[in-house]
Amino acid sequence: MIKENLGNMNIPSHVKLIAVTKTRTVEEINEAIRAGVNCIGENRVKEAEEKFNLLLKVEKHMIGSLQTNKVKLAVELFDMIQSVDSLKLAKEIDKRCAAIHKVMPVLIEVNIGNEKNKHGINPEDVKNFLLELSSLKHISVQGLMCVAPMLEPEQVRPYFKKMKQLFDSIGNLKWLSMGMSNDYKIAIEEGSNMVRIGTLLFGKRE
Ligand SMILES: *Cc1c(COP(=O)(O)O)cnc(C)c1O
């Protein structure tokens, strides 16, 4: 089933797929890895810690909101943190990575819809935020990430366009992480090169 779902998604080769594995069992995740998934995304440090030891070889990204008291463990578990949304968090990642001689690749989470109850840096503040991060030597900013407003896929398009414009105007960034099960095709049309997909790969979450 997972293998079939993976084939049906038709992700272009220039786009990196992050299989979102929150709530999924080790067995399901390993099945996905055997089917060809080479990067996974988890939302919670505790859940990641419980599962990661039992997984086949795979790249691991933190995609959920990260509390500073979980950073020490997170920098050991993950290969990338996609959800950097405050200077306080970035500084903590930098400090904890310095202690273990690691440079953590990170993405800046952008609140592209300026939504009240959403995490992320407001789009108009991103450039300033990047300047503030530039002195941190143990993080490497590689791109931008967003969770678009919950709308019909076609209505999300303007937000993806806005993300791509911001991404291009900054330059020098590698990854534009946007698009989930419902809207990844539109995100890719608008320039995403990293999609995060759970439901379409594994089925509905409980
Ligand atoms: C759960 C989640 C996804 C995947 O959502 P699906 O709709 O299941 O594809 C992507 N990104 C983040 C940050 C998530 O929390």
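Keep in mind the model is a prediction, meaning the values are calculated, not measured.

What counts and how
Residues numbered from 1 in each chain as written. Predicted model: local features only at pLDDT ≥ 70, side-chain atom pairs only at ≥ 80, totals over all residues. Heavy atoms only, no water. Helix = DSSP H or I, 4+ residues; strand = E, 2+ residues; numbered from the N terminus. Expected span 1.5 Å × (residues − 1). Buried < 20%, exposed > 50% of the residue type's maximum accessible area, 1.4 Å probe, protein only. Near = heavy atom within 4 Å. Polar contact = N/O pair within 3.5 Å; in protein donor to acceptor, adjacent residues only side chain to side chain. Areas by Shrake-Rupley, 256 points an atom, 1.4 Å probe, with all protein chains shown as cover. Nonpolar A, V, L, I, M, F, W, Y, C, P; charged D, E, K, R; others polar. Arc of directions from axis to C-beta. Contact = heavy atoms within 4.5 Å.

1. What to know about helix H5 (residues 87-99)
Next, step 1: Between its first and last C-alpha atoms H5 spans 18 Å; for 13 residues at 1.5 Å apiece the expected length is 18 Å, and the two agree.
Next, step 2: Here H5 has its buried residues at Leu89, Ala90, Glu92, Ile93, Asp94 and Cys97.
Next, step 3: Taken from the residues just after H5, His101 is the one with a positive phi, measuring 55°.

2. Let's talk about the site of the ligand
Next, step 1: Residues in contact with the ligand, as listed here, are Val20, Lys22, Asn43, Ile63, Val147, Met180, Ser181, Arg196, Ile197, Gly198, Thr199 and Arg205.
Next, step 2: Contacts to the ligand include Ser181, whose side-chain N or O atom sits 2.5 Å from an oxygen atom.
Next, step 3: Within the side chain of Thr199, a nitrogen or oxygen atom sits 2.6 Å from an oxygen atom of the ligand.
Next, step 4: Protein chains shield 89% of the accessible area of the ligand, which is 390 Å² for the free molecule.
Next, step 5: Its residues assigned to classes, the shell around the ligand comprises five nonpolar, four polar and three charged.

3. Description of helix H6 (residues 126-133)
Next, step 1: Within the sequence span of H6, burial applies to Val126, Phe129, Leu130 and Leu133. Each buried residue of H6 lies within a common arc of 100° when the element is viewed along its axis, so the set occupies one face. When the buried face of H6 is taken as reference, the exposed residues oriented beyond 90 degrees from it are Asn128 and Leu131.

4. As for the side chain of Thr21
Next, step 1: The residue Thr21 is located in the loop between strand E1 (16-20) and helix H2 (26-34) in this model.
Next, step 2: Residue classification places Thr21 among the buried residues on the basis of a relative accessible area of 0%.
Next, step 3: Sequence-distant contacts of Thr21, defined by excluding residues within four places in its chain, comprise Ile29, Ile40, Gly41, Glu42, Glu47, Lys51 and Phe202.

5. Observations concerning the environment of Glu76
Next, step 1: For Glu76, the location among the structural elements is in helix H4 (residues 71-77).
Next, step 2: Residues Glu76 and Cys97, 21 residues apart in the sequence, show an inter-C-alpha distance of 8.4 Å.
Next, step 3: If we ignore the near neighbours within four places in the chain, the residues touching Glu76 are Ile100 and Lys102.

6. Here we look at unusual backbone geometry
Next, step 1: Positive phi outside glycine occurs at Thr23, with the angle close to 70°.
Next, step 2: Tracing the chain through its elements places Thr23 in the loop between E1 and H2.
Next, step 3: Phi at Asn172 takes a positive value of approximately 65°, unusual for a residue other than glycine.
Next, step 4: Mapping Asn172 onto the fold places it in the loop between helix H7 (153-170) and strand E7 (175-177).
Next, step 5: Taking the relative accessible area as the measure of exposure, Asn172 reaches 84% and is therefore exposed.

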